[in-house]
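# Architecture and fold: a report
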Amino acid sequence: MRYGIFSDVHSNLEAFEAVIGAYRKEAIDKYLCVGDVVGYGADPQSCIERVKVLGALVVAGNHDWACIDLLSLDYFSPNAGSAILWTRANLRDNDRLFLRSLKLVYENQDLTLVHGALNNPREFAYMEDADAAEESFGLMRTRICFVGHTHVPASFIKDKNNRIYYHRQISFYLNQDNKYIVNVGSVGQPRDRNPYAAYCIYDTDRKEIQIKRVSYDIETARKKIIDAGLLRSLGDRLVIGK
Ligand code: ZN
């Protein structure tokens, strides 16, 4: 089984189309999205459409929830909050229904998905170091869990002695003695100073994780954000990937 796992599209259609194009060359069996389809960018409707066409299984992110009033704006920075207000005004009823249908956690025989962390998933905690990963490891019933939310590709490894390591290493083979939490990075707003769109492939036969990057038309995505009346800084950050 080859899973295509991606996160944090954030209404960036140019980045998402580049990732979909890259996935088409990868013989993917099933697409999974770790949340935040919308928020920040200028194309929420089209990004929801693309996710549906892919047949992706999607879990809810904090922006997805805030855009349908399931999460308070108090959670967000002023910049993020202003983008949520814009997105709320630019969704159709169908889009709201789709976002409302998303669950917070998904689990199958191969893997678990959650946007932030498994402990209190509706609080969307940020998993940025080994300590923050400990509770989620304790709650996992599968050997591997995929997350998003920080927009920084990374992995956490818990070894057979229960030690947890944080790695920025993003392509590796699974060792059967370990458990893993993999952050797949962001399609539409990378924050690791690499502006290219991130996407992950998990091959269960080869026991291999790969996170790849693909270039896209950043200038068009940036210009659309500014032309839509969203904050200029939300467009400018795409250029530096931060
Ligand atoms: Zn996000």
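Small disclaimer: the values here were computed from a predicted structure and weren't measured. (Residues numbered from 1 in each chain as written. Predicted model: local features only at pLDDT ≥ 70, side-chain atom pairs only at ≥ 80, totals over all residues. Heavy atoms only, no water.)

### Focus: the sheet that holds strand E10 (residues 179-183)
Quick note on the threshold: Two strands pair under a simple rule: DSSP has to find at least two bridges between them. A helix here means a DSSP run of H or I that spans at least four residues, while a strand means a run of E at least two residues long, and both kinds are numbered starting from the N terminus. Axis geometry follows a simple rule: fit a line to the C-alpha atoms, using only the stretch in contact for helices, then measure angles between N-to-C directions, giving values from 0 to 180 degrees.
Taking strand neighbours across the sheet as the criterion, the six strands line up as E4-E5-E6-E10-E7-E8 in an open arrangement whose pairing is mixed. Each edge of the sheet is formed by a strand with only one pairing partner; in this case those strands are strand E4 (105-107) and strand E8 (164-167). Sheet twist, expressed as the average angle between the axes of neighbouring strands with direction ignored, equals 15°.

### A short note on the pairing of strand E7 (residues 154-158)
Our working rule: Per-residue accessibility, obtained with a 1.4 Å probe over protein chains only, is compared with the maximum for each type, and a residue is labelled buried under 20%, exposed over 50%, and partly exposed between these values.
Within E7, five of the five residues are buried, which leaves the element mostly enclosed by the surrounding structure. In the sheet, E7 pairs with E10 via five bridges, with the strands oriented antiparallel. If you follow Ile157 over to E10, its bridge partner there is Tyr180. By the bridge criterion, four bridges tie E7 to E8 in an arrangement that is antiparallel. Among the inter-strand pairings, Ile157 is bridged to a residue of E8, identified as Tyr165. Joining the antiparallel neighbours E7 and E8 is a turn of five residues, in which Asn162 adopts a positive phi near 65°.

### Things to note about the packing of helix H1 (residues 13-23) against helix H2 (residues 44-54)
Spelled out, the test is: For this classification, under 35 degrees means roughly parallel, over 145 means roughly antiparallel, 65 to 115 means roughly perpendicular, and everything else is oblique. For any helix crossing, the convention is left-handed if the near helix is rotated counterclockwise from the far helix by under a right angle, and right-handed if that rotation is clockwise. Every residue pair with non-hydrogen atoms within 4.5 Å of one another is taken to be in contact. Under this grouping Gly is polar, as are all residues other than the nonpolar Ala, Val, Leu, Ile, Met, Phe, Trp, Tyr, Cys and Pro and the charged Asp, Glu, Lys and Arg.
It is at 10 Å that the axes of H1 and H2 come closest, and there the two elements cross at 20°. Considering their axes alone, H1 and H2 lie roughly parallel with respect to each other. Here the hand of the crossing between H1 and H2 comes out left-handed. Residues Leu13, Phe16, Glu17 and Ile20 of H1 pack against Ser46, Cys47, Arg50, Val51 and Leu54 of H2. Its residues placed into classes, the contact of H1 with H2 shows six nonpolar, one polar and two charged.

### Overview of the packing of aromatic side chains
To keep it simple, the criterion reads: For this analysis, a ring pair means two rings from Phe, Tyr or Trp (six-membered ring only for Trp) whose centres lie within 6.5 Å, classed as stacked if their planes differ by under 30 degrees, edge-to-face if by over 60, and tilted for the remaining angles.
The full count for this structure, using the stated rule, is eleven aromatic pairs. Seen from their ring centres, Tyr23 and Tyr31 are 5.2 Å apart, and the 70° between their planes marks the pair as edge-to-face. Relative to Tyr180, the ring of Phe172 has its centre 5.5 Å away and its plane inclined at 25°; by these criteria the two rings are stacked. The pair Phe172 / Tyr180 is uniform in exposure class, with both members buried. Here a set of aromatic residues connected by ring pairs shows up, and it is made of Phe6, Phe16, Tyr23, Tyr31 and Tyr199.

### Some remarks on the nonpolar core
A general tendency of soluble globular proteins is for nonpolar side chains to be buried together. The line we're drawing: Only buried Ala, Val, Leu, Ile, Met, Phe, Trp, Tyr and Cys residues count toward a nonpolar core, and they belong to the same one when joined by side-chain atoms within 4.5 Å.
Of all hydrophobic cores here, the largest spans 52 residues; its most connected members are Phe6, Phe16 and Leu99. Broken down by element, this core gets its largest block of residues, eight residues, from H1. Beyond its immediate sequence surroundings of up to four residues, Phe16 is in contact with Phe6, Val9, Cys47, Arg50, Val51, Leu54 and Val187. If you look at the next biggest cluster of nonpolar residues, it comprises 20 residues, including Ile5, Tyr202, Ile209 and Ile211.

### Regarding the coordination of the zinc ion
For clarity, the cut-off: Metal sites are built from N, O and S donor atoms within 2.8 Å, or 3.2 Å for Na, K and Ca, and they leave out water, so they may look incomplete.
Listed as protein donors to the zinc ion are Asp8 (OD), His10 (NE2), Asp36 (OD) and His151 (NE2); their distances from the metal cover 2.0 to 2.5 Å. All donor residues of the zinc ion come from one chain, and their arrangement in sequence is D-x1-H-x25-D-x114-H. One end of the pair, Asp8, is in the loop between strand E1 (2-6) and H1; the other, Asp36, is in the loop between strand E2 (30-33) and H2, and 28 residues separate them in sequence. Of the two residues, Asp8 and Asp36, neither departs from the other in class, the shared state being buried.

By themselves, these figures tell us nothing about what the structure is for.
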